[in-house]
Amino acid sequence: MVRDYTCFIVDDEDLIIQRLELFFNELSHRDKRFVLVGKANNGLNGIEEIIKLKPDIVISDIVMPRMDGISMIEQLKAELPHTQYILLTAYSSFEYAQRAIQANVLEYIVKVPLREADLNRALDKAAGILNEFKKKEAEFQSLNVSVLENKYRVRKQFFNELIRGEIPSHRASDFANRMQFHFFQANYCCFIVEMNTYESFRNEYAAADQNILKYAITNIIEETVMNGGSGVAADLSDNRFIGFLSWENNRSDMETEYACLSLGGQIVSHLHQYLNQRVSVAFGGPHRGWESIKQAYTEAKNVSEDFYYHTEKVVKTPMHRFQYHNDKKADFQQKLADFLIRLKRKISKEELENALADLSQFASDHKIHKSIMAPMIRDLYRDITVKFKSGNKMATEVPDFPMEFMAFQEQLAYIGDFTFEYVHAGQLLHRAEIMSAMHFIEKNLKQRLTLEAIAEEVNLAPSYFSSLFKKTMSEGVISYINRKKIHLALELLNVRDYSLLELCEEVGIVNEGYFCKLFKEYTGDTPKQYRIKMTRYESK
C-alpha cells in the first residue's frame, strides 16, 4: 500500500533550505510518497515545530546556532521514537559521526556538494524502515484484538456453563485463577444488562456489526465496573450481558443498594453516551463463594423480568420489584376479546390508538407476569390476521410477530401499526410513510440521525418502522443512512481534499474510526486513498 511520508527540514543556511525545497518540489512529480510539511532554521525552533507536526522523516544540518542537530535529535527521540533522522554536514568530524551513531541517526550525508542520489537513497531507506514499523504495529494490533476477542468468547462460554450449573466449583476456581477473577471469594452480586429495542438493533445492523457493538458494550460495562472497584462482564446471549460487582468489606443493605444503583446508572449513561445504545440493568442480592453464583444469577434474572413493563434505561434492584396480579389473566383476556370485536375494516388511527390505550392502562394497573402476558399478546396478533384474512392482499405476506425481545409497550405499538396497515391493505398508506422517512433522512443527512427520531417523524413505533423499512427497502434504516452518508462524503471529496475530521463533521458521524471503517467497506479505499486516486484521474 502506497502511503505518504511527511518530511521536515532544519538548516540555518537559506540556500540549503531553498535547495531542499526545490528537490521535494521536483520529487513530487515522480514520487508522490514524500511530502514536505515544514522547515526551521535552528534546533530549538525545529524541536517546537517537529513535536507539533510529528513528521516521519527529519533532514537536519549538524552545526547550527542555539542548538546543533544531534542535540535536537537526542531530545526528540523520546517523544518521536519512530521518526527517521537524516543528517547533513559540511564537516567530516569523527566526533560528529560518533554522536550521530549513538543517536541512531539513519543517514549521514555530506551537503557540499549535496547530491540528489544520496537524498533519494536515504529517503527510500527511511520509507522501508517506516513500512516495517507500520507492518509490525498492525500485526501487534491484530494479535491484541485476536487475543481479546478469544478472551471474551471463552468468558461467554464459561459464564453460560457456570450459571447452568455445568461446571463444578473446583474447575470454576481453577479457570477463575487463570483469568485472574479473584473476587468470587469476597462479597459480590450479579447483574444483567439488557439491550432495549433489540428487535430494531437486529434489523438495523449486519451480523458482523452486531458482534462488534456487543464486543464494545462488554468492554464499556467492564471498564465502568473496574472504575468503581472490581468485577467482570461478559456477553451472555442475544440481548443480554452478565456482570459481577465485588467488594471487600461488609456493607449494609442500604450501602449495597446505593452502590448498585450508582453503578447501574453509570452503565446506562456510558453506553448511551459512547455507543448510542439504550440498556437497562438489573441487580441480584449480595452473595459470597462459587457455590452461590447460580443463585446470584437467578436473582438478577428474576429482577430483570420487570423490564417487560418498562420502556428503556432503567436500573432495578430486588428492593424495587413489581407486584404481579396473575389472577387478572381472565379479565385481560376478556378485554382482548372486546378489543378484537371493536376492530373493523375502516377503523381510524385515532380509534385504534384509544382502544390500545385502554389495554395499556389495564396492564399498567394490574401487571401480569410476562410468562402469562406475552402469549396472550401473541394470540391477539394471530387473531387479528385471522379476522381480516379473507380478501386481504397482505394475507400471504403476514410476518411472524417479532415479540421475543420486545417490552409490553413495544408489542402493543407494533400491533397497532401493523393492524392499521393490515386492515387498510391496498391503500399503500405506509409506502407514503417510508417515502416521508427517506425525505427526512435526506434533509437531515448531516445530522446524527437515530431510528427513534425518524420513526417519531413518520408517527410509527420504532420497532414496527424498523421492520417495515427493511421489508420495503430490503435494507435496514441505519445501513441505508450510512450508505447515504458515504455517498455524500464521496461527493465532497470529488470537490476538494477534506481532512478526516472535516468529513466526519460534514456527514454527521462522530467517531472517525467508525467513519473510516464504513468508507472502506463501501468504497474499498480509505478517504485519503480515494482522494489520491481522484487526483491522479483528474490530472490525466
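The text that follows walks through the structure, step by step, so that each part is easy to find. (Residues numbered from 1 in each chain as written. Predicted model: local features only at pLDDT ≥ 70, side-chain atom pairs only at ≥ 80, totals over all residues. Heavy atoms only, no water.)

1. Observations regarding the packing of aromatic side chains
The tally for this structure, following the rule as stated, stands at 20 aromatic pairs. Between Y309 and F408, the aromatic rings sit 5.5 Å apart at their centres with planes inclined by 40°, giving tilted as the arrangement. Separated by 99 residues along the polypeptide, Y309 in the loop between α10 (293-304) and β11 (315-316) and F408 in helix α14 (residues 408-423) bring together distant segments of the chain. What makes Y309 buried here is its relative accessible area of 14%. Judged by relative accessible area, which is 1%, F408 ranks as buried. (Phe/Tyr/Trp six-rings, centres within 6.5 Å; stacked < 30°, edge-to-face > 60°. Helix = DSSP H or I, 4+ residues; strand = E, 2+ residues; numbered from the N terminus. Buried < 20%, exposed > 50% of the residue type's maximum accessible area, 1.4 Å probe, protein only.)

2. A closer look at the environment of Y215
Note that Y215 resides in helix α8 (residues 207-227). We classify Y215 as partly exposed; its relative accessible area is 23%. Expressed as a C-alpha distance, the spacing of Y215 and D235, which sit 20 residues apart in the sequence, is 7.7 Å.

3. Digging into the sheet that holds strand β2 (residues 34-40)
Strand-to-strand pairing in sheets goes through backbone hydrogen bonds, with the strands running parallel or antiparallel. Reading across from one edge, β2-β1-β3-β4-β5 is the order of the 5 strands in this open sheet, with parallel pairing throughout. Unpaired on one side and paired on the other, β2 and β5 (107-110) mark the two borders of the sheet. Shown here is a sheet whose adjacent strand axes are inclined to one another by a mean of 20°, direction ignored. Relative to strand β4 (residues 84-89), strand β3 (residues 57-61) is paired through 5 bridges, and the arrangement is parallel. Considered in β4, the bridge of V58 is made with Y85. Along the sheet, helix α3 (residues 69-79) makes contact with β1 (5-10), β3 and β4, crossing β4 at roughly 175°. (Pairing = 2+ DSSP bridges. Axes fitted to C-alpha atoms, helices over the stretch in contact; angles between N-to-C directions. Contact = heavy atoms within 4.5 Å.)

4. Observations regarding the nonpolar core
The biggest cluster of nonpolar side chains holds 96 residues, and the ones touching the most others in it are F191, I221, F332, M373, I377 and F465. A per-element tally of this core places helix α18 (residues 477-495) first, with 10 residues. Leaving out residues up to four positions away in the same chain, M373 has contacts with Y308, Y309, F332, A363, I368 and F408. (Core = buried A, V, L, I, M, F, W, Y, C linked by side-chain atoms within 4.5 Å.)

5. Quick word on helix α2 (residues 43-53)
Among all positions of α2, only G43, G46, I47 and I50 are buried. One face of α2 carries all of its buried residues, which in axial projection span an arc of 100°. Relative to its buried face, α2 has exposed residues pointing more than 90 degrees away, namely E48 and K52. Taken together, the buried residues of α2 touch β1, β2, β3 and α3. The N-cap residue of α2 is N42: its side-chain oxygen and the backbone nitrogen of L44 are 3.0 Å apart. Phi for K54, located one or two positions after α2, is positive at around 50°. (Arc of directions from axis to C-beta. Polar contact = N/O pair within 3.5 Å; in protein donor to acceptor, adjacent residues only side chain to side chain.)

6. Regarding the pairing of β5
Alternating residues of β5 divide into E107 and I109, all buried, and Y108 and V110, none buried. Relative to β5, β4 runs parallel, the two being bridged by 4 bridges. Each residue of the ladder has a partner; that of I86, found in β5, is E107.

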